Amino acid sequence: MGYVSLRTLIGDLTLFDEAREIVSLEWGWVPARQPTPLLLDAVEVIREYFASGRISKSVPLRPKGTEFQLRVWAAIEKVPSGRTVTYTDVARDIHSGPRAVARACSRNPIPILIPCHRVVGIEDLGGYSGEGGCETKRTLLDLEGVYTGKNSKDS
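Residues numbered from 1 in each chain as written. Predicted model: local features only at pLDDT ≥ 70, side-chain atom pairs only at ≥ 80, totals over all residues. Heavy atoms only, no water.

Turning next to the environment of leucine 13. Mapped onto the elements of the fold, leucine 13 is located in strand β2 (residues 11–18). By relative accessible area, which is 0% here, leucine 13 ends up buried. For the pair leucine 13 and tryptophan 27, spaced 14 residues apart in the sequence, the C-alpha separation amounts to 4.5 Å. Ignoring anything within four residues of it in the chain, the contact list for leucine 13 reads Val4, Ser5, Leu6, Thr8, Leu25, Glu26, Trp27, Gly28, Ile46, Phe50 and Ile112. (Helix = DSSP H or I, 4+ residues; strand = E, 2+ residues; numbered from the N terminus. Buried < 20%, exposed > 50% of the residue type's maximum accessible area, 1.4 Å probe, protein only. Contact = heavy atoms within 4.5 Å.)

Further remarks concern the pairing of strand β1 (residues 2–8). Most of β1 sits inside the fold, with six of its seven residues counted as buried. As paired elements, β1 and β2 share seven bridges and run antiparallel to each other. Its bridge partner being in β2, threonine 8 is matched across the sheet by glycine 11. Between the antiparallel neighbours β1 and β2 lie two residues. (Pairing = 2+ DSSP bridges.)

It is worth spelling out the side chain of threonine 14 at this point. Among the secondary structure elements, threonine 14 is positioned in strand β2. A distance of 2.7 Å separates the side chain of threonine 14 from the backbone oxygen of glycine 28, its partner in a polar contact. (Polar contact = N/O pair within 3.5 Å; in protein donor to acceptor, adjacent residues only side chain to side chain.)

With that settled, the discussion passes to the side chain of arginine 118. Relative to the helices and strands, arginine 118 resides in the loop between α4 (98–106) and β5 (119–120). Looking at arginine 118, the relative accessible area reads 6%, which means it is buried. At 2.6 Å, the side chain of arginine 118 forms a polar contact with the backbone oxygen of valine 79. Residues in contact with arginine 118, not counting those within four places in the same chain, are Tyr49, Val79, Pro80, Ser81, Arg83, Thr84, Val85, Leu141 and Glu144.

If you want it as structure tokens, here you go:
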């Protein structure tokens, strides 16, 4: 497994790859190791995201999860930058319930690239499992130009 760390406005992040696919993005710094070409591409994608709020290039992802989680994450990947959907919207699309969708979002192993921060509650931001919780979710949505105002449960 290869990995590379980078500094971002939401803290240090480390990307992990396995068999030429990104399998994880975690908060924290891991000491340097020779990054693979895929990891270098993924770093550029993340840097572009933090510079513009958009991702214009994709990298191969292989999140590890249950069949249900994979369905939720696939649905979330379709949400464009600068837009949000509710847990209920995703649940309706995959014929499930919003709480199950929220649980799957909380277990997303590749946040930002699988943009679970774009999934919100009907009346508030919902939660966010990344470091910084809802404040990080708000920062990511603000970066994308999504108004988050006072609709967060931690405002």
